[in-house]
Amino acid sequence: MSATNEPTRIDRRGARGIIVDEQDCVLFIGGYATPERPARWILPGGGIDPGESMRDAAARELYEETGLRVAPADLIGPVARQYYRKVRPDSTFTQENHFFLVRVERFEPKVTGGDAYEQDLEFNWIPVDDFLSTDGFEQVEPLLHLVKQLISGDVPAAPVLLESIGRQLDAA
């Protein structure tokens, strides 16, 4: 990381959605805990394809991963960005994610496309006040602060830089 706390190399750029319903619950994808794995919840989204804008990628990913059809122009933001790093003993992968806000009436999410692993996604509408007590989050405090700010109507003029997150993977 550089002196500005930004990585020197970005391997992939991503677009993610902060989907907030009328009850101020946020839609997360991932999975509940099982005997084989811990719970893991993330915001829906994924990689930006070559030639695709961040906004178009966010709208596409939201549809593929949740079934929500939203016009790219109806997305607010980007309201934040965050680096995700996957560190292996021999390499580091860095993705820069850009976050867009969309307010919706609650809907029944469903996977409508995407990769094979996405077919097993589970969905969880989590009330903002339950973020800190919900298992499966990684460094959720910065996101909690941002979502509360957005719900109050305070949309930042420029994307907020959230604390980096990531995973340290052991050698296979």
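Above this text sits the structure in question.
Cut-offs and rules
- Residues numbered from 1 in each chain as written.
- Predicted model: local features only at pLDDT ≥ 70, side-chain atom pairs only at ≥ 80, totals over all residues.
- Heavy atoms only, no water.
- Core = buried A, V, L, I, M, F, W, Y, C linked by side-chain atoms within 4.5 Å.
- Buried < 20%, exposed > 50% of the residue type's maximum accessible area, 1.4 Å probe, protein only.
- Helix = DSSP H or I, 4+ residues; strand = E, 2+ residues; numbered from the N terminus.
- Expected span 1.5 Å × (residues − 1).
- Pairing = 2+ DSSP bridges.
- Salt bridge = Lys/Arg side-chain N within 4 Å of Asp/Glu carboxyl O.
- Contact = heavy atoms within 4.5 Å.

K.L.:
What's the story with the nonpolar core in this structure? I'm lost.
P.N.:
If you look at soluble globular proteins, the nonpolar side chains tend to sit buried side by side. By size, the foremost hydrophobic cluster in this structure holds 22 residues, and its most contacted members are I18, V26, F28, V79 and F131. Elements with a contribution of two residues or more to this core: strand 1 (12-20), strand 2 (25-31), strand 5 (76-88), strand 6 (91-103) and helix 2 (141-151). The biggest single contributor to this core is helix 2, with five residues. Ranked by size, the runner-up nonpolar core spans 16 residues in total, among them A15, A59, V70 and W125.

K.L.:
Sorry if this is basic, but what is going on with helix 1 (residues 54-66) here?
P.N.:
Under the 1.5 Å per step criterion, the end-to-end length of helix 1 is 18 Å for 13 residues, consistent within 8% with the ideal 18 Å. All of the buried residues in helix 1 are A57, A58, A59, E61, L62, E65 and T66. Positive backbone phi, at 85°, marks G67, one or two positions downstream of helix 1.

K.L.:
I keep staring at the pairing of strand 1 and nothing clicks. Help me out?
P.N.:
Sheet faces and side chains relate simply in a regular strand, where the side chains alternate between the two faces. In terms of burial, strand 1 is largely enclosed, as seven of its nine residues are buried. Alignment of strand 1 against strand 6, held across nine bridges, turns out to be parallel. By the bridge assignment, R16 is partnered in strand 6 with F99. In the sheet, strand 1 pairs with strand 4 (residues 45-47) via three bridges, with the strands oriented antiparallel. Counterpart to A15 in the pairing with strand 4 is G46.

K.L.:
Help me out: how do you make sense of the pattern of salt bridges in this one?
P.N.:
Where charged atoms of side chains with opposite charge meet at close range, the side chains can pair. Tallied over the entire structure, the rule returns 10 salt bridges. Among the ionic pairs, R106 bridges to D21, the shortest N-O distance being 2.7 Å. On the criterion of sequence distance, the pair formed by R106 in the loop between strand 6 and strand 7 (122-127) and D21 in the loop between strand 1 and strand 2 is long-range, its members being 85 residues apart. A relative accessible area of 36% means that R106 is categorised as partly exposed. When its relative accessible area of 0% is taken as the criterion, D21 is described as buried. Between R60 and E52 there is a salt bridge; the shortest N-O distance is 2.8 Å. Connected through salt bridges with shared partners, the residues D49, E52, R60, E61 and E64 form a single ionic network.

K.L.:
Teacher, can you tell me more about the environment of L101 here?
P.N.:
Mapping L101 onto the fold places it in strand 6. Here the alpha-carbon distance between L101 and A80, two residues 21 residues apart in the chain, equals 9.4 Å. Setting aside residues no more than four positions away along its own chain, L101 makes contact with I18, V20, D74, L75, I76, V79 and L150.

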